[in-house]
Amino acid sequence: MKAQVKEIKEGLQHFHGSETIFQIPLLRTRYTNGLKYLAEAAECFWLITDTSAFAKTLMDKSYFITIDFKRLPKENQDYSGYEAEITYSDGNGNIYGKHGYRITDFPLDELRLFFVDNTLMLPSEY
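Definitions and cut-offs
Residues numbered from 1 in each chain as written. Predicted model: local features only at pLDDT ≥ 70, side-chain atom pairs only at ≥ 80, totals over all residues. Heavy atoms only, no water. Helix = DSSP H or I, 4+ residues; strand = E, 2+ residues; numbered from the N terminus. Rg over C-alpha atoms; globule rule 2.2 N^0.38 Å. Contact = heavy atoms within 4.5 Å. Areas by Shrake-Rupley, 256 points an atom, 1.4 Å probe, with all protein chains shown as cover. Lys, Arg positive; Asp, Glu negative; His and termini not counted. Charge placed at Lys NZ, Arg CZ, Asp CG, Glu CD. Buried < 20%, exposed > 50% of the residue type's maximum accessible area, 1.4 Å probe, protein only. Salt bridge = Lys/Arg side-chain N within 4 Å of Asp/Glu carboxyl O. Polar contact = N/O pair within 3.5 Å; in protein donor to acceptor, adjacent residues only side chain to side chain.

A. Expanded view of the overall build of the protein chain. Within the protein chain, the secondary structure is distributed over 4 helices and 7 strands. Listing every helix and strand of the protein chain by position from the N terminus yields α-β-β-α-α-β-α-β-β-β-β. The C-alpha radius of gyration of the protein chain comes to 14 Å, within 12% of the 14 Å expected for a compact globule of 126 residues. Projecting the C-alpha coordinates of the protein chain onto the three principal axes gives extents of approximately 40 × 35 × 30 Å. A separation of at least 24 residues holds for 56% of the contacts in the protein chain among residues at least 6 apart in sequence. For the protein chain, the computed accessible surface area is about 7300 Å², with 52% contributed by carbon and sulfur atoms. Of the charged side chains in the protein chain, 14 are positive and 18 negative, and the gap between their average positions amounts to 2 Å.

B. Representation of the side chain of D90 in the model. Relative to the helices and strands, D90 is located in the loop between β4 (84-89) and β5 (95-101). One buried charge, D90, has no salt-bridge partner; the nearest side chain with opposite charge is R112, at 9.0 Å. Engagement of the side chain of D90 in a polar contact is seen with the backbone nitrogen of N92, the distance being 2.7 Å. Of the polar contacts made by the side chain of D90, one reaches the side chain of N94; its length is 2.6 Å. The residues touching D90, leaving out its near neighbours within four places in the chain, are S62, F64, T66 and Y96.

Purely geometric stuff here, so don't read any function into it on its own.
Set out below in structure tokens:
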């Protein structure tokens, strides 16, 4: 597992801008090369679908949405019943929503994504 995490983190560092844009068929959300890599390497297409579905509902609140995945510390997991949570904000401390996940197989402990103009991307691709 640790080797996979290291490999994914190293892989994510190679994405700057994105020549190719992909699309989630049902939602019509666009996503970048970096997200495609992440979804395949970490087997987390659910993350792209979940975050884009919720971020789309926030497009009238902010043009720019920051999405933060964070695995909770063990004591918080016991207290809240959630293993991880995703926070949606404008990046300036205004939180628009949080979603808790009781169980997750996502290998990274934290990850930040941006949702801009109906496109999900890594911060380095913005």
